[in-house]
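# Structural description and commentary
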Amino acid sequence: MPRHAGWSHGSSLFTEPQGATYDTLLTVAKATEDLGFDAFFRSDHYLKMGSGDGLPGPTDAWITLAGLARETKRIRLGTLMTAGTFRLPGVLAIQVAQVDQMSGGRVELGLGAGWFEEEHKAYGIPFPKEKFARLEEQLAIVTGLWATQAGATFDFHGSFYDLTDSPALPKPAQDRIPVLIGGHGATRTPRLAGKYADEFNMPFASVEDSERQFGRVRAAAEDAGRKGDDLVYSNALVVCVGKDEQEVARRAAAIGREVDELKVNGLAGSPHEVVDKIGRYQEIGSRRIYLQVLDLDDLDHLELISSQVQSQLS
């Protein structure tokens, strides 16, 4: 199999862990580190999606990442995506900066508007109508707090949030925590990414749709006075790899998916097929791939991806 050059930010494992214990997530994160992947990212949800009983229940994204920050040494840690509806922006800035300190500067913040209304109803979390306008203020506040010089104060007076004389502490370990914005929206999402994002992530999308959206984000970045290449462009896709057709089919069945559907909408098949498809995303400018692993108990899957897929990406 040919090696694909140009993956400046490599490959990351991405989990949907609602219904997994912290110990399970720790095992996967340690495997992520031991097997040579670059990062461990997780979603930020409190309710299961799809079939299954949801047991043992959800884990909180930033509490989980705080624990992993102390129990890993190398890998980057982050969210795809933290829901803006779950946390006040000032509190989120404190939490993420603290976890960044706890990790020695390995944290990245993916921040989105929040969309899953049922989980808000289930746990009594307000689900406002103006989620996108709130997200814009949240991005301004979180990044503004981190950028405020030590000894100075931060003020923000918006339509939804009002901060006065904030000491803007604590500071992250990194000079700048990378901020990820993602999504399919054709207008507002590229505008926010162009203004605030260090990375734009296109989730669960075809090569063609990704290329169109990357172009919109590049144009929006230029409109904001930046260069299009100031951002890293990335994709997130479900992964299902097997040594042979039977193993692929078994792994697809374990996550309730069909092989043919996964080959169209995800990264499925033999290592060669998956490396080849990742290469198509690389050709349109994607520089980081998030491999969404849905069966967290199948560590053999991670080993196969590491030895036969990750090893082909440089």
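Look a little higher up for the structure.
Remember, it's a predicted structure, so these values are computed and weren't measured experimentally.

Grouped together as the largest cluster of nonpolar side chains are 73 residues, with contacts concentrated most on W62, L109, W146 and L291. At 8 residues, helix α5 (residues 131-147) tops the list of elements feeding residues into this core. Excluding residues within four positions of it along the chain, W146 makes contact with A93, V96, A97, L109, K171, P172, I177 and V179. Of all hydrophobic cores here, the second largest spans 8 residues; its members include A39, L80, M81 and L180.

Attention shifts here to the layout of surface pockets. Considered as a void within the structure, the largest pocket measures approximately 840 Å³ in volume. If you trace the largest pocket, you find 26 residues lining it, with E16, M49, S51, I255 and L294 closest to the centre. Classifying every residue of the lining of the largest pocket by side-chain character gives 10 nonpolar, 10 polar and 6 charged. If you trace the second largest pocket, you find 29 residues lining it, with M81, G112, W115, G182 and P203 closest to the centre. For the lining of the second largest pocket, the secondary structure elements donating two or more residues are β4 (82-83), β5 (107-112), α5, β8 (179-182), α6 (188-196) and β9 (199-203). At 3 residues, α5 tops the list of elements feeding residues into the lining of the second largest pocket. Taken together, the residues that form the lining of the second largest pocket break down as 14 nonpolar, 11 polar and 4 charged.

Attention now moves to the pairing of strand β10 (residues 232-241). Extensive coverage of β10 is indicated by the burial of 10 of its 10 residues. Across 5 bridges, the pairing between β9 and β10 is parallel. Of the residues in β10, the one forming a bridge with N201 is S234. Running through helix α7 (residues 207-223), the crossover from β9 to the neighbouring parallel element β10 is right-handed. Summarising the sheet, β10 and strand β12 (residues 288-293) pair through 5 bridges and their orientation is parallel. Within β12, the residue paired with N235 across the bridge is I289. In the sheet, β10 pairs with strand β11 (residues 267-269) via 3 bridges, with the strands oriented parallel. Paired with V239 across the two strands is L267, which belongs to β11.

With 13 residues, helix α10 (residues 271-283) should cover 18 Å at 1.5 Å per step; its first-to-last C-alpha distance of 18 Å lies within 8% of that length. Those residues of α10 not exposed but buried are P271, V274, V275, K277, I278, G279, Y281 and Q282. At its buried positions, α10 is contacted by α7, β10, α9 (259-265), β11, β12 and α11 (299-308). Trailing α10 by a residue or two, G285 shows a phi angle of about 110 degrees, which is positive.

Conventions we followed
- Residues numbered from 1 in each chain as written.
- Predicted model: local features only at pLDDT ≥ 70, side-chain atom pairs only at ≥ 80, totals over all residues.
- Heavy atoms only, no water.
- Core = buried A, V, L, I, M, F, W, Y, C linked by side-chain atoms within 4.5 Å.
- Buried < 20%, exposed > 50% of the residue type's maximum accessible area, 1.4 Å probe, protein only.
- Helix = DSSP H or I, 4+ residues; strand = E, 2+ residues; numbered from the N terminus.
- Contact = heavy atoms within 4.5 Å.
- 1 Å grid on protein atoms, 1.4 Å probe; cavity = no way out; pocket = protein on both sides within 12 Å on 5 of 7 lines; lining within 4 Å.
- Points joined across faces, edges and corners; volume = space filled by probe spheres on them.
- Nonpolar A, V, L, I, M, F, W, Y, C, P; charged D, E, K, R; others polar.
- Pairing = 2+ DSSP bridges.
- Right-handed = clockwise from strand over helix to strand, strands pointing away.
- Expected span 1.5 Å × (residues − 1).

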